[in-house]
Amino acid sequence: QAYNCLIHFYKRKMSLKRGVDVLEESNIKEDELKNKKNCTDLHFDVNENKIDNKASDLEIKSKEASKTYEEEIRGLKLEIETGNKNFKEVEDANKKALIELINVIEENKKQHEAQIEVLKAQHAEEMIKVNWMWKWKMIATKISVQEKNEKKHAIEIEEVKTKMEDVEDDYEYLLGQMKEKIECPVCMVIPSSGPVYVCPNGHFVCKKCKSGSCPTCRVAMGDGKSLLAVLVIENIDHECKYDYCEEVLSFDKLENHEKQCKHRIVSCPKVSCREMFPLSKLMEHLGKNTCTFKAVPKVIDNTSKSGRAEFRISGDLAAKKLTWNMYTFSYEDQIFAIFPTKSDNLYYFTMVMFESAEVCSKYSIEMEVHERQSTSKDSEVSFKFCGSPCSIDEDKKEVKYLGLTLNNRSMEKILKKSKDNSFSVSFSFFQK
């Protein structure tokens with residue numbers, strides 16, 4: 001429609017152009033006539049009126065043509081504006097329809113995608129169900145196979161257990177027979193180490209109870225040794241030899257255990273006490289206050305890690321032998337005892353730890369003898385020992401040499417300011 005309007009407008013424009021051209025030609029002719037009139041005014045006075053009339057007619061015609069053309073132009077403009085409006089309305093309608101179509105397509109696309117997602121989810125759920133069903137079938141199959149195998153293994157295990165019990169019974173019987181044969185008939189104890197002596201008739205006796213004749217058959221014992229008995233000893237379990245201990249260990253662990261057994265026999269650390277008892281009963285003995293100043297050990301906290309013990313010489317300073325009761329202390333759940341002794345004009349200060357030498361080697365102590373009225377730092381005279389505490393397992397005769405030793409002159413310097421011959425022993429603990 002717009003295209004037809006444009007063609008019509010073009011035709012009108014060409015018509016108006018031709019009218020304008022005719023008007024211009026008439027105007028040119030009028031000008032020529034005017035020129036001719038001006039030039040020939042003197043010669044053509046007769047025709048002047050005619051020319052004026054023709055000019056007037058032409059002017060009227062040209063005005064009428066101009067009005068006609070203007071009306072036609074206004075009509076064409078109106079038609080063009082109407083065509084443009086119609087074209088715009090059609091274009092807007094087409095755009096609106098196109099937008100609606102696009103929206104419909106987008107909505108359909110979204111619905112399609114949503115349907116696809118739903119189908120995917122349903123497919124995934126179905127696949128999961130299928131996978132789980134397959135897995136459960138596999139698991140059920142495995143469980144069934146496993147149950148069969150377990151039943152089979154249980155039967156086999158029961159058979160093996162039965163055989164093992166029979167073997168153990170045979171072993172225990174044989175072991176009992178061997179133990180009975182190698183048991184010493186004198187002390188009634190199975191030897192824990194060789195050699196094991198044997199008489200010509202095959203009777204055994206331990207090395208501690210060996211004498212000139214066999215205790216079983218009374219024949220001459222001789223020097224015969226049984227390698228078989230030693231082999232049996234090294235391959236059987238042994239009970240710990242100490243009372244109150246119920247441990248049963250193999251031959252290779254027995255010796256190390258007995259060195260550290262909590263029920264091993266020890267001596268009271270006090271020099272003048274001759275009693276011996278299991279280590280586990282030592283604190284009961286010290287709690288009677290016969291060998292210690294206090295029945296309960298004083299606890300040394302981990303902050304200060306230090307303590308102090310005070311002693312006094314109540315007898316003659318010139319006496320060759322002097323003994324004191326002990327002070328006991330507890331540090332990190334370990335028991336320590338500190339005490340002085342005097343022998344042959346020498347003073348010995350010893351700290352004993354109620355543990356094996358191996359455990360004692362993990363601790364270090366500083367022990368300082370000084371005046372009682374002062375601290376170790378303020379004392380004018382003091383003597384210090386640095387080292388590890390002495391083990392309760394040490395030979396009692398050697399204990400006094402494993403600490404601080406002072407002679408009479410050194411001790412007299414410490415006792416010089418004391419009115420009652422008293423002195424102090426300060427100590428500190430250090431863990432390696």
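Remember, predicted model here, so these are calculated numbers, not experimental data.

> For the overall build of the protein chain, give the residues involved together with the corresponding values.
Within the protein chain one finds 8 helices and 17 strands. Evaluated residue by residue, the protein chain yields a buried proportion of 28% over its 432 residues. Here the analysis covers contacts within the protein chain between residues at least 6 apart in sequence; of these, 55% occur between residues at least 24 apart. A total of about 29900 Å² of accessible surface is found on the protein chain, and carbon and sulfur atoms cover 53% of it.

> Kindly report on the pattern of salt bridges, identifying the contributing residues and their values.
Scanning the entire structure with this criterion turns up 7 salt bridges. For E284, the salt bridge goes to K281, with nearest N and O atoms at 3.9 Å. One salt-bridge network, held together by shared partners, links R308, E310, R372 and D420.

> Residues and numbers for the nonpolar core, please.
Nonpolar side chains in soluble globular proteins tend to end up buried together. Judged by nonpolar contacts, the single largest core of 32 residues is most densely connected at I338, F349 and F423. Formed by 17 residues, the second largest nonpolar core is a distinct cluster that contains V266, C268, F277 and F339.

> Kindly report on the packing of aromatic side chains, identifying the contributing residues and their values.
Counted under the stated rule, the structure contains 12 aromatic pairs. On the numbers, 5.8 Å between centres and 25° between planes, the contact of F311 with F423 is stacked. Separated by 112 residues along the polypeptide, F311 in strand β8 (residues 306-312) and F423 in strand β17 (residues 422-431) bring together distant segments of the chain. Taken together, a centroid distance of 5.5 Å and an interplanar angle of 75° make the contact between F427 and F429 edge-to-face.

> Which residues make up unusual backbone geometry, and what values do they have?
With an omega dihedral of 0°, the bond running from G194 to P195 counts as a cis peptide bond. Position of P195 among the secondary structure elements: in the loop between α2 (48-182) and β1 (197-198). Unlike most non-glycine residues, R218 shows phi in positive territory, near 65°. Mapped onto the elements of the fold, R218 is located in the loop between β2 (204-205) and α3 (227-233). Backbone geometry at N345 places phi at a positive 65°, although glycine is not the residue there.

> Account for a negative patch on the surface, with residues named and values stated.
Judged by side-chain charge, E156, E158, E159, E165, D166, E168, D169, D170 and E172 come together as a negatively charged surface patch. Along the polypeptide, D166 turns up in helix α2. In this structure D166 comes out as partly exposed when scored by relative accessible area, which is 42%.

> Explain the sheet that holds β17 residue by residue, including any values.
Each strand in a sheet pairs with another by means of backbone hydrogen bonds, the pair being arranged parallel or else antiparallel. Ordered in space as β8-β17-β13-β14, the 4 strands form an open sheet in which the pairing is antiparallel. Edge positions in the sheet fall to β8 and β14 (382-387), since each has one partner strand and no second. Shown here is a sheet whose adjacent strand axes are inclined to one another by a mean of 15°, direction ignored. Relative to β17, β8 runs antiparallel, the two sharing 7 bridges. Across the sheet, residue E310 finds its bridge partner in β17, namely S424.

> Please set out the state of the cysteines residue by residue, giving values where relevant.
Taken as a whole and judged by the stated rule, the model has 0 disulfides. You can see C273 has no disulfide; the closest cysteine sulfur is in C268, sitting 3.8 Å from it. Taking relative accessible area as the criterion, C273 reaches 9% and is therefore assigned buried.

> Give a description of the environment of N289 that names residues and reports values.
Turning to its location among the elements, N289 is positioned in the loop between α5 (282-286) and β7 (298-299). Non-local contacts of N289, meaning those with residues more than four positions away in its chain, are made with K294, A295 and N325.

> Report on a nonpolar patch on the surface, specifying residues and quantitative values.
Residues I128, W132, W136, I139 and I143 make up a contiguous nonpolar surface patch of about 510 Å² in total accessible area. For I128, the position within the fold is in helix α2.

> Which residues make up helix α8 (residues 408-415), and what values do they have?
Within the sequence span of α8, burial applies to S410, M411, I414 and L415. Burial along α8 is one-sided: seen end-on, the buried residues are contained in an arc of 135°. In this structure, α8 carries R409 and E412 as exposed residues pointing more than 90 degrees from its buried face. As for α8, its buried residues are in contact with β12 (346-353), β13 (363-371), β14, β16 (404-407) and β17.

Cut-offs applied
Along each chain, residues carry numbers from 1 onward, in the same order as the chain's sequence is written. Owing to the predicted nature of the model, reporting of local features is limited to residues with pLDDT of at least 70; listing and counting of side-chain atom pairs is limited to 80 or more, with chain, interface and lining totals taken over all residues. Only hydrogens and water are removed before side-chain values are computed, so all heavy atoms of the structure are retained for them. Secondary structure elements are defined from DSSP: runs of H or I of at least 4 residues count as helices, runs of E of at least 2 residues count as strands, and each element is numbered from the N terminus. Residue burial is assigned from relative accessible area. The probe radius is 1.4 Å, only protein chains are included, and a residue is buried under 20% of its type maximum, exposed over 50%, and partly exposed in between. By the convention used here, residues are in contact when the closest approach between their heavy atoms is within 4.5 Å. Only the protein chains shown count as cover for residues, with accessible areas throughout obtained via the Shrake-Rupley method and a probe of 1.4 Å. Only one rule defines a salt bridge in this text: a Lys or Arg side-chain nitrogen within 4 Å of an Asp or Glu carboxyl oxygen. Each nonpolar core is a collection of buried residues, namely Ala, Val, Leu, Ile, Met, Phe, Trp, Tyr and Cys, held together in the definition by side-chain atoms within 4.5 Å. To pair, rings of Phe, Tyr and Trp, with the six-membered ring standing in for Trp, must have centres within 6.5 Å; the planes then decide the type, stacked if under 30 degrees apart, edge-to-face if over 60, and tilted in the middle. What makes a patch is a set of residues exposed beyond 30% relative accessible area and free of salt bridges, joined within 9 Å when like-charged and within 5 Å when nonpolar (Val, Leu, Ile, Met, Phe, Trp, Tyr). Only four residue types enter the tally: Lys and Arg on the positive side, Asp and Glu on the negative side; His and the chain ends are excluded. Throughout, a charge is located at the NZ atom of Lys, the CZ atom of Arg, the CG atom of Asp or the CD atom of Glu. Pairing between strands is defined by DSSP: at least two bridges between them are needed. The convention used is that axes are lines fitted to C-alpha atoms, helices contributing only their stretch in contact, and that angles between N-to-C directions extend from 0 to 180 degrees. Disulfides are defined as pairs of cysteine sulfur atoms found within 2.5 Å of each other. Working definition: the arc comes from the directions between the helix axis and the C-beta atoms, pointing outward to the latter.

So yeah, pure geometry; function would need other evidence.
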